[in-house]
Amino acid sequence: MLYHAQKNKRRFRHSLLVKTTAVLVIIFIVPMLFLYSLLKKDLNASALNDVSSYISISLQNLSSTMDEIFTSVESISNQMRADNVFGDLSFNPALAAEPRDYAAFLLREQVSRTLYQYYLSNSYIDSLVVYNPFCDAIFSNSVQATRKTLSHPSPEEIRRVMGPEGRLEKQWFMEEENGKTYLVTYFSPYSFNNPTRKLYARAALSADVMLQRFEQLFSGKDAHLFIVDASQAVLSPAKDAPDIVAGLSSHSFEGVMGWYESSMNGESYLTVHCRSSHTPWLYAAYAPVARFNTALRVLERYLYYFIACLAIILAVTLTFLAYTIIRPMRVISNKMRQAEHGDLSVRIHFRQRDELGYVGHRFNVLLEKLQHLIQENYETQMLKNEFELKFIQTQLKEHFIYNTLDTIHWIADKHKVPQISNIIFSLSHFFRLTLNHGKDMVTVREAKEILECYLSLVNTRMNDMIQFQVNVQPGLEECMVVKYFFQPVVENAYQHGIREKQGGHIDVDITREAPRRIRYRVRDDGVGMDVQRLAQVRGAIQNHTVSSGRNDCFALINIDRQLKMYFGEDYTFEIDSQPNMGTSVTLVFPLG
């Protein structure tokens, strides 16, 4: 069950229909999506410029409006400083008498009435409060409590009128009171006669004045207003945006006007700031770009229609391919599978006259020729069997030869002729190791014995003028090697080096080159070769060609051919020589 599931999965993964679908997606849908991303990027860039310009102008209007309101309120503070009631009468000692005192009552009424007139003179003022420390009383006017006088107020109420420590004149603050936001400024009317004697005044405007103006400018845009005061603290009437306030707090606003883009929950937002020309305040508007970018919303709406059209085109194209290409190719594949399992009688019959129909016709022709070739191969195999039978007969003759040599060795040993016995024994042993029951592989130990038998026979012909030594690195004796490369190299050293010199040394070394490679080196001190002749021999081995008139490289060329037949290019064949100093031949090839 699992095997069939995996097989169907592989077939689906390698299906031409799947690959065609992938190609069509890459050709059509991917470029369109890429084009859409570029167009969206350009529209976003254009929208950012448009939105930043719109919000900047709106913030400038808001800032100008608020500056006018602040100026009008600050003008009241200037008027109160010049007013005789707050510059002289408020410091009258009679005002500090008990409220039950009639004179003190009249003075307080005059101060309260004058303060009320200033309160009514500006429609934006929500409350106007004065604290007189000399009579320890607070005079206030507000929407909730008109002309209210509070004697001996608490320290909290006094601090509320005096404002924060270190405040400056005409400095505005945003403060929370009873769940509402107010814009507050503090000022100090002082005595005409002694400026060090001060009153403390507080004027408050409802933040709704600013927020309503902001809502008019950004109606339905889901924008938020933030104010950065002189200490870089971010103040906002937007209670539902603490994360936005934290982000603004970490940003440094530079210049009179500017903007930067940010993202939240995968949506792009634009923050535009405008610095007030009257106060240290900086107004910042935080709004989603998508609410201003109507062109992008239209593009996104039509993108779905476009993708639907592409899907329809893709479905029609794949249906056409399935019936005109995929299905005929499956028929061809099934017929090929039947032929692969031995049924050469299958044929493909297509009515269509396109390329697939031509492929089906050529497949039928191929099967007919294949049947004809099988018949010819059968006849050839019969002839090959006859040749193999003759080869076996030849091997039987070779076995007859070295069996006969064993018999001669026994007779020579019986009649006390040791020289003939040794020659016959070496020759018989050489034949037995060389034939090796028709196998191509021998052990390194057997290869060493073959070389020693051959050199012993050759040395007999040379009247023991050859000194030879066959060395095998310990641990290699039982490793398997191909037997055809060893004796021809030694024979070449004898024929073309030692023989012409009428004697010499032949050293054979069999060592390990790497964990699975063997080095076979044959060195002699024969006649050697000069540089020109050595170059000819190397060229003959490399190109498998012999110079005209010379036939002394056939053995080396045959060795190279056999190495290449067994090991491909995974072997090394090196030959070095110097005149009258001998020749060295080195073979490096894999074990086994």
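### A word on the pairing of strand 2 (residues 137-142)
Here comes step 1: Of all the six residues making up strand 2, six are buried; the element is thus mostly covered by neighbouring parts of the structure.
Here comes step 2: Of the two faces of strand 2, both are covered, the one formed by Ala137, Phe139 and Asn141 as well as the one formed by Ile138, Ser140 and Ser142.
Here comes step 3: As defined by bridge partners, strand 1 (residues 125-132) adjoins strand 2 across six bridges and the pair is classed as antiparallel. When the sheet's bridge partners are listed, Ser127 is paired in strand 2 with Ser142.

### Quick word on the sheet that holds strand 11 (residues 282-288)
Here comes step 1: The strand order across the open sheet built from five strands is 8-7-11-10-9, with neighbouring strands paired in antiparallel fashion. Single-partner strands in this sheet number two, and they are strand 8 (234-235) and strand 9 (257-264).
Here comes step 2: Of the pairings in the sheet, the one linking strand 10 (residues 267-275) to strand 11 comprises seven bridges and is antiparallel in character. By the bridge assignment, His273 is partnered in strand 11 with Ala284.
Here comes step 3: Of the strands in this sheet, strand 7 (224-228) and strand 11 are in contact with helix 6 (residues 208-217), which crosses strand 7 at around 130°.

### Looking at helix 13 (residues 531-543)
Here comes step 1: Here helix 13 contains 13 residues, and its C-alpha end-to-end distance of 18 Å stays within 8% of the 18 Å for a straight helix at 1.5 Å per residue.
Here comes step 2: Turning to helix 13, the residues buried within the fold contact helix 14 (554-567) and strand 17 (572-578).
Here comes step 3: His544 occupies a position one or two residues after helix 13 and carries a positive phi of about 60°.

### Some words on the confidence of the model for the protein chain
Here comes step 1: Averaged over all residues, the pLDDT of the protein chain equals 77, while 79% of them reach at least 70.
Here comes step 2: Within the model, pLDDT remains below 50 along residues 387-397, and this stretch shows one contact once partners closer than five positions in the same chain are excluded.

### Description of the sheet that holds strand 1
The strands that make up a sheet pair up through hydrogen bonds in the backbone, lying either parallel or antiparallel.
Here comes step 1: Reading across the sheet, the six strands line up as 3-2-1-6-5-4 and stay open at both edges, with antiparallel pairing between neighbours. The strands lining the two open edges of the sheet, one partner per strand, are strand 3 (148-151) and strand 4 (172-177). This sheet shows a mean twist of 25° between the axes of neighbouring strands, independent of strand direction.
Here comes step 2: Here strand 1 runs beside strand 6 (residues 200-206); their pairing, made up of six bridges, is antiparallel. Paired with Tyr131 across the strands is Tyr200, a residue of strand 6.
Here comes step 3: Together, strand 1, strand 2, strand 3, strand 4, strand 5 (180-187) and strand 6 form the strand contacts of helix 5 (residues 155-162), whose direction differs from that of strand 6 by roughly 75°.

### A word on the packing of aromatic side chains
Here comes step 1: Enumeration according to the criterion identifies 11 aromatic pairs in this entry.
Here comes step 2: A centroid spacing of 5.6 Å and a plane angle of 85° characterise the contact between Phe70 and Trp281, whose relative ring orientation is edge-to-face. Taken together, the positions of Phe70 in helix 2 (residues 16-82) and Trp281 in the loop between strand 10 and strand 11 put the pair 211 residues apart, joining distant regions of the chain. For the pair Phe70 and Trp281, a shared accessibility class is recorded, and that class is buried.
Here comes step 3: Plain terms: the ring middles of Phe486 and Tyr520 are 4.7 Å apart, the flat faces sit at 65° to each other, and that makes the pair edge-to-face. With Phe486 in helix 12 (residues 486-501) and Tyr520 in strand 16 (residues 517-524), this pair connects stretches of sequence that are 34 residues apart. The pair formed by Phe486 and Tyr520 is uniform in burial state, with each residue classed as buried.
Here comes step 4: Each residue in the set Phe70, Trp172, Trp281 and Tyr283 is aromatic and connected to the rest through ring pairs, giving one cluster.

### Observations concerning the side chain of Glu74
Here comes step 1: The topology assignment puts Glu74 in helix 2.
Here comes step 2: In this structure the side chain of Glu74 is engaged in a polar contact, spanning 2.7 Å, whose partner is the side chain of His278.

### A few points about the nonpolar core
Here comes step 1: Core analysis: the largest hydrophobic core is formed by 51 residues, its most contacted members being Leu59, Leu183 and Tyr283.
Here comes step 2: Per element, the largest residue contribution to this core is 11 residues, and it comes from helix 2.
Here comes step 3: Counting residues in each nonpolar core, the second largest holds 46 residues, with Met462, Ile506, Leu534 and Ile575 among its members.

Calculation notes
- Residues numbered from 1 in each chain as written.
- Predicted model: local features only at pLDDT ≥ 70, side-chain atom pairs only at ≥ 80, totals over all residues.
- Heavy atoms only, no water.
- Buried < 20%, exposed > 50% of the residue type's maximum accessible area, 1.4 Å probe, protein only.
- Helix = DSSP H or I, 4+ residues; strand = E, 2+ residues; numbered from the N terminus.
- Pairing = 2+ DSSP bridges.
- Contact = heavy atoms within 4.5 Å.
- Axes fitted to C-alpha atoms, helices over the stretch in contact; angles between N-to-C directions.
- Expected span 1.5 Å × (residues − 1).
- pLDDT = per-residue confidence, 0-100.
- Phe/Tyr/Trp six-rings, centres within 6.5 Å; stacked < 30°, edge-to-face > 60°.
- Polar contact = N/O pair within 3.5 Å; in protein donor to acceptor, adjacent residues only side chain to side chain.
- Core = buried A, V, L, I, M, F, W, Y, C linked by side-chain atoms within 4.5 Å.

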